[in-house]
Amino acid sequence: MAGHVYQGSCHCGAVRFSVETALESPAQCNCSRCRRLGWTMQSVPAGKFVLSSGADRLTSYRFNTKAINHTFCSVCGIEAFASGEDGSGNALYMVNVSCLEGASYDSAAVTHWDGASF
Ligand SMILES: [Zn+2]
């Protein structure tokens, strides 16, 4: 599936990035954090993600297995993306679809992760 380069940002604009994705596998998760956050994420290989500004504004939060690095803007509090690894150890980013300019996806395509059981 052909990808598209989206521009993404937190709310205040301190954190900016670009990501190439076809938004082919948007996902929601029912773990204790995602349930509170209410986000829809799209995973992409690390090579498809470029942080263009705001690295010094990001605050990191890890919980449970500490496997996922939840990064949010210390100014406005928005988690525009998280990072971690897939089951094979490949680095990936989980991008908050709501933080991408002009992004839309088929809500019927949303998969549901049972993160609460991990
Ligand atoms: Zn911000």
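Computed from a predicted structure; not experimentally measured.

Rules used throughout
Every chain begins its residue count from 1, and numbering advances along the sequence as written. Confidence filtering applies because this is a predicted model: local features only for residues at pLDDT of at least 70, side-chain atom pairs given and counted only at 80 or more, and all residues used for totals across whole chains, interfaces and linings. Side-chain metrics in this entry use all non-hydrogen atoms of the structure; hydrogen atoms and water are not considered. Donor atoms (N, O, S) are those found within 2.8 Å of the metal centre, with the cutoff raised to 3.2 Å for Na, K and Ca; water is not part of the atom list, so apparent gaps in a site can occur. Here the metal geometry follows the donor angles, with tetrahedral for four donors whose angles all fall between 85 and 135 degrees, square planar for four and octahedral for six when opposite donors are more than 155 degrees apart and every other angle is between 65 and 115, and irregular for all the rest. Elements are defined by DSSP. Helices are runs of H or I of four residues or more, strands are runs of E of two residues or more, and each kind is numbered from the N terminus. Burial classification: accessible surface area is computed with a 1.4 Å probe over protein chains only, and a residue below 20% of its type maximum counts as buried, one above 50% as exposed, and the rest as partly exposed. Points on a 1 Å grid over protein atoms alone make up a cavity when a 1.4 Å probe fits among them but cannot get out, and a pocket when they form an open set with protein on both sides within 12 Å along at least five of seven lines; lining residues each have an atom within 4 Å of a point. Grid points are joined across faces, edges and corners, and a volume is the space filled by probe spheres set on the points. Under the grouping applied here, Gly and all other residues not named as nonpolar or charged are polar, the nonpolar ones being Ala, Val, Leu, Ile, Met, Phe, Trp, Tyr, Cys and Pro and the charged ones Asp, Glu, Lys and Arg. Strand pairing is defined by DSSP finding a minimum of two bridges between the two strands. Working convention: axes come from line fits to C-alpha atoms, limited for helices to the stretch in contact. Angles between N-to-C directions cover 0 to 180 degrees. Note on terminology: pairs of cysteine sulfur atoms within 2.5 Å are recorded as disulfides.

### Re the coordination of the zinc ion
The zinc ion binds to the protein through Cys 10 (SG), Cys 12 (SG), Cys 73 (SG) and Cys 76 (SG), with metal-donor distances spanning 2.3 to 2.4 Å. Of note is the zinc ion, whose four donor atoms meet at the metal with angles of 104 to 117° in an arrangement that counts as tetrahedral. Along the chain, the residues donating to the zinc ion fall in the pattern C-x1-C-x60-C-x2-C. Note that Cys 12 is positioned in the loop between strand 1 (4-9) and strand 2 (16-21) and Cys 76 in the loop between strand 7 (69-73) and strand 8 (81-85), a separation of 64 residues in sequence. A residue is classified by how much of its surface remains accessible, and Cys 76, at 26% relative accessible area, is partly exposed.

### Quick look at the layout of surface pockets
By volume, the largest pocket amounts to about 520 Å³. In this structure, the largest pocket is lined by 23 residues; those nearest its centre are Thr 65, Ala 67, Ile 68, Gly 115 and Phe 118. Those elements giving two or more residues to the lining of the largest pocket turn out to be helix 1 (32-37), strand 4 (41-45), strand 8 and strand 9 (91-96). Of the residues belonging to the lining of the largest pocket, the class tally is 13 nonpolar, seven polar and three charged.

### A word on the sheet that holds strand 1
In spatial order, the strands read 1-2-5; together these three strands make up an open sheet with antiparallel pairing. Whereas interior strands pair on both sides, the edge strands pair on one side only; in this sheet they are strand 1 and strand 5 (49-53). The average undirected angle you get between the axes of adjacent strands in this sheet is 20°. Sheet topology places strand 2 next to strand 5; four bridges connect them, and they run antiparallel. If you follow Phe 17 over to strand 5, its bridge partner there is Leu 51.

### Brief notes about the state of the cysteines
One pass over the structure, following the stated rule, counts zero disulfides. Cys 31 supplies the cysteine sulfur nearest to Cys 29, a cysteine that is in no disulfide, at a spacing of 4.0 Å.

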